[in-house]
Amino acid sequence: MGRINLQGMGVALITPFKSDKSIDFDALARLLEYQIKNGIDYLVVLGTTAETPTLTPDERRQIREFVADRVAGRLPLVLGVGGNSTDMVVNELKTTDLSKFSAILSVVPYYNKPSQEGIYQHYRAVVEASPLPVILYNVPGRTGVNMTAETTLRLSNEFPNIVGVKEASGNITQMDDIIKRKRDDFMVISGDDGITFPLITLGAVGVISVIGNAFPKEFSRMVRLALEGDYDRARAIHHKFTEMFSLLFVDGNPAGVKCALNAMGFIENVLRLPLVPTRLTTDEKIRTVLKALG
């Protein structure tokens, strides 16, 4: 099994919808070309940002196949496969055609709040079922439970096929602890655009980005400069985007980035319930900042 290199910027791809809430495949095609031409390193398909819980199994299959066909091997693809029923996740891994993908990203089970031992056993079952390398995804703000550094390290030490963690706990001390104690080839990836720069200075390998949907060129350049140790130039780009970081998440994700992409002419500003577009005040602020960014 080949190792995937997750260094750099992966983009957590949105799902564009038409005004009737059906998937806008034309817009998705445009967005994919925009990402690839502007130098991103890999794509994450059907993650949180894709509004995956609102997609039917058939729609998820269509998106998987469409993205794989359009990208056609030009960059690595990571597929989101997660849930809060371990058996259902295992079944999805066993029955899905994963041949065009390089790794899976699997979130800590949400809503049912497992113990650390429950999280460990969940991922043990996932990694045993997965034909692809597995990236853990810790996002307690969404799942209701934090996967501790100890659990992350335990999993990474016991299962070589767990190749990294997308860390979105917001706890820099926890992330630093993982980076300090992890095995050499285990990759720590930022799950928050706003702390990507400081996290890379501590030893993270990059980011799975939301803002990269709209600013692939600029943000991947920031990541690359930081990885090269050119902190002054990387910090300048980071600071240029600090206002946008907060605006994109003030009304939830992906409402903010869909608003920005709509203002840039890529997509219609449509989400599926329970998610709704940003408030008018946020919309206006995003458009103002977009103008300033040029």
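Residues numbered from 1 in each chain as written. Predicted model: local features only at pLDDT ≥ 70, side-chain atom pairs only at ≥ 80, totals over all residues. Heavy atoms only, no water.

Engineer: Talk me through the side chain of Thr282; I want residue IDs and the actual numbers.
Structural biologist: Looking at the secondary structure, you find Thr282 in helix 13 (residues 280-293). Note on Thr282: relative accessible area 4%, which makes it buried. With near-sequence residues (within four places) excluded, Thr282 lies in contact with Leu247, Val250 and Asp251. (Helix = DSSP H or I, 4+ residues; strand = E, 2+ residues; numbered from the N terminus. Buried < 20%, exposed > 50% of the residue type's maximum accessible area, 1.4 Å probe, protein only. Contact = heavy atoms within 4.5 Å.)

Engineer: Any details on the pattern of salt bridges? Residues and values, ideally.
Structural biologist: Inspection of the entire model under this criterion finds 17 salt bridges. A salt bridge links Glu59 to Arg272, with the nearest nitrogen and oxygen atoms 2.8 Å apart. Placement of Glu59 in helix 2 (residues 57-71) and of Arg272 in the loop between helix 12 (255-263) and helix 13 is noted, with a sequence separation of 213 residues between them. Across the pair Arg181 and Glu150 runs a salt bridge whose closest N-O atoms are separated by 3.3 Å. Pair noted here: Arg181 is in helix 7 (residues 172-181) and Glu150 is in helix 6 (residues 149-158), with a separation of 31 residues, a long-range link. Classification of Arg181 by relative accessible area gives partly exposed; the value is 41%. (Salt bridge = Lys/Arg side-chain N within 4 Å of Asp/Glu carboxyl O.)

Engineer: Report on the packing of aromatic side chains, specifying residues and quantitative values.
Structural biologist: Across all of its chains, the model carries eight aromatic pairs by this definition. Taking 5.0 Å as the distance between ring centres and 55 degrees as the angle between the ring planes, the aromatic pair formed by Phe25 and Phe66 counts as tilted. Of this pair, Phe25 sits in helix 1 (residues 25-37) while Phe66 sits in helix 2; the two residues are 41 residues apart in sequence, bridging distant segments of the chain. The class of Phe25 is partly exposed, set by a relative accessible area of 22%. (Phe/Tyr/Trp six-rings, centres within 6.5 Å; stacked < 30°, edge-to-face > 60°.)

Engineer: Talk me through the packing of helix 12 against helix 13; I want residue IDs and the actual numbers.
Structural biologist: The geometry of helix 12 relative to helix 13 is characterised by a closest axis approach of 10 Å and an angle of 55 degrees between their N-to-C directions. Accordingly, the angle class assigned to the pair helix 12 and helix 13 is oblique. Viewed along their axes, helix 12 and helix 13 form a crossing whose handedness is right-handed. Within the contact between the two elements, helix 12 uses Gly256, Cys259, Ala260, Asn262 and Ala263 and helix 13 uses Asp283, Ile286, Arg287 and Leu290. The residue makeup of the contact of helix 12 with helix 13, split by class, is five nonpolar, two polar and two charged. (Axes fitted to C-alpha atoms, helices over the stretch in contact; angles between N-to-C directions. Parallel < 35°, antiparallel > 145°, perpendicular 65-115°, else oblique. Left-handed = near helix turned anticlockwise from the far one by under 90°. Nonpolar A, V, L, I, M, F, W, Y, C, P; charged D, E, K, R; others polar.)

Engineer: Kindly report on helix 7, identifying the contributing residues and their values.
Structural biologist: Within an α-helix, residues lying three or four positions from one another point in the same direction, as the helix has 3.6 residues per turn. Within helix 7 the residues assigned to the buried category are Gln174, Met175, Asp177, Ile178 and Ile179. The secondary structure elements touched by the buried residues of helix 7 are strand 5 (134-138), helix 6, strand 6 (162-167), strand 7 (187-190) and helix 8 (196-202). Capping the start of helix 7 is the job of one residue whose side-chain oxygen sits 3.1 Å from the backbone nitrogen of Thr173: Asn171. (Polar contact = N/O pair within 3.5 Å; in protein donor to acceptor, adjacent residues only side chain to side chain.)

Engineer: If you had to explain the environment of Leu105 to someone new, which residues and values would you point to?
Structural biologist: If you trace the backbone, Leu105 turns up in strand 4 (residues 103-107). Overall, Leu105 belongs to the buried group, its relative accessible area being 5%. Sequence separation between Leu105 and Arg272 is 167 residues, and the spatial gap between their C-alpha atoms is 23 Å. In contact with Leu105, other than residues within four places in its own chain, are Val44, Val78, Leu79, Gly80, Val81, Ile135, Leu136, Tyr137, Lys166 and Ile208.

Engineer: I'd like a rundown of the nonpolar core, residues and numbers included.
Structural biologist: With 88 residues, the main nonpolar core has Leu43, Val67, Leu77 and Met244 as its most contacted residues. Top element by residues in this core is helix 1. It accounts for seven residues. Beyond its immediate sequence surroundings of up to four residues, Val67 is in contact with Leu13, Leu28, Leu32, Val45 and Leu77. Membership of the second largest hydrophobic core comes to 18 residues, among which are Ile4, Leu6, Tyr42 and Leu105. (Core = buried A, V, L, I, M, F, W, Y, C linked by side-chain atoms within 4.5 Å.)

Engineer: Go over the pairing of strand 1 (residues 8-12) with me, naming the residues and quoting the values.
Structural biologist: Buried residues dominate strand 1, accounting for five of its five residues. Where strand 1 meets strand 8 (residues 206-209), four bridges bridge the pair, whose relative direction is parallel. In the sheet register, Val11 faces strand 8, and the bridge partner there is Ser209. Note: strand 1 against strand 2 (residues 42-45), three bridges, orientation parallel. For Ala12, the partnering residue across the bridge sits in strand 2 and is Val44. (Pairing = 2+ DSSP bridges.)

Engineer: Just give me the short version of the environment of Asp251, but keep the residues and values in it.
Structural biologist: Tracing the chain through its elements places Asp251 in the loop between helix 11 (242-250) and helix 12. Since its relative accessible area comes to 23%, Asp251 is described here as partly exposed. Through-space distance from the C-alpha of Asp251 to that of Thr282 is 7.8 Å; in sequence the pair is 31 residues apart.

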